[in-house]
Amino acid sequence: MVKRITVSGAIILRTNPETNRKEIFATQRGYGEYKDGWELPGGKLEAGETPEQCIEREIREELAAEVKAGKVLGVVEYDYPDFHLTMHCILCSIVSGELKLLEHKAARWLTKETLRSVDWLPADLLILDEIEEIL
């Protein structure tokens, strides 16, 4: 039996006040088997939680900011060697606080032009076309 993991990933969208361009927030893992890979911030759904509740909680825990979950941009299914991942990719906006890296090694705001400039984890690569459409 293949282990199944369901997560929510935040597509935190903002308009840069200096350039007036849309950007999304990407984070670099600082731990585990996929250390140094870039991903949408987020994490595992807990029992009884909706994907939207999960992403709001995860961003509070990982980045010390409050976000509002919006539309689900897509759901990615990906088979890693040790597990099957289902990732709900949810558009989010920052409600309050500054994004602080509590668990990640690094982070960047990416534009349409720089979206593919980082080494995304395989599952996250699958949502980039949809993200490009909104940038």
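Description of the structure in this document. As the structure is a prediction and not an experimental result, all values here were calculated from the model. (Residues numbered from 1 in each chain as written. Predicted model: local features only at pLDDT ≥ 70, side-chain atom pairs only at ≥ 80, totals over all residues. Heavy atoms only, no water.)

**Examining the nonpolar core**
Right, on to step 1. Formed by 26 residues in total, the largest nonpolar core has its most connected members in Ile-11, Ile-24, Leu-40, Leu-85, Leu-115, Trp-120 and Ile-131.
Right, on to step 2. Those elements that place two or more of their residues in this core are strand E1 (4–15), strand E2 (22–28), strand E5 (66–79), strand E6 (84–96) and helix H3 (128–134).
Right, on to step 3. Beyond its immediate chain neighbours, meaning those up to four positions away, Trp-120 contacts Ile-24, Ala-26, Trp-38, Glu-39, Leu-40, Leu-110, Leu-115, Leu-125 and Leu-128.
Right, on to step 4. Judged by nonpolar contacts, the second largest core, of twelve residues, contains Ala-10, Ile-12, Ala-65 and Leu-99. (Core = buried A, V, L, I, M, F, W, Y, C linked by side-chain atoms within 4.5 Å. Buried < 20%, exposed > 50% of the residue type's maximum accessible area, 1.4 Å probe, protein only. Helix = DSSP H or I, 4+ residues; strand = E, 2+ residues; numbered from the N terminus. Contact = heavy atoms within 4.5 Å.)

**Description of the side chain of Asn-16**
Right, on to step 1. Along the chain, the position of Asn-16 falls in the loop between E1 and E2.
Right, on to step 2. Looking at Asn-16, the relative accessible area reads 10%, which means it is buried.
Right, on to step 3. There is a polar contact of 3.2 Å between the side chain of Asn-16 and the backbone nitrogen of Thr-19.
Right, on to step 4. In this view, Asn-16 contacts Arg-21 and Glu-23; residues no more than four positions away in its chain are not counted. (Polar contact = N/O pair within 3.5 Å; in protein donor to acceptor, adjacent residues only side chain to side chain.)

**Quick word on the pairing of E1**
Right, on to step 1. Summarising the sheet, E1 and E6 pair through nine bridges and their orientation is parallel. Residue Ile-12 lies in a different strand from E6, and its bridge partner there is Cys-92.
Right, on to step 2. Bridge analysis of E1 against strand E4 (residues 42–44) gives three bridges, and the strand direction is antiparallel. When the bridges of E4 are listed, Ser-8 appears paired with Gly-43.
Right, on to step 3. One ladder, built from three bridges, connects E1 with E2; its direction is antiparallel. (Pairing = 2+ DSSP bridges.)

**Comments concerning the side chain of His-104**
Right, on to step 1. Tracing the backbone shows His-104 in the loop between E6 and strand E7 (106–110).
Right, on to step 2. Separated by 3.3 Å, the side chains of His-104 and Thr-27 make a polar contact.
Right, on to step 3. Among all residues touching His-104, those that are not within four sequence positions of it are Thr-27, Gln-28, Arg-29, Glu-39, Pro-41, Glu-62 and Leu-63.

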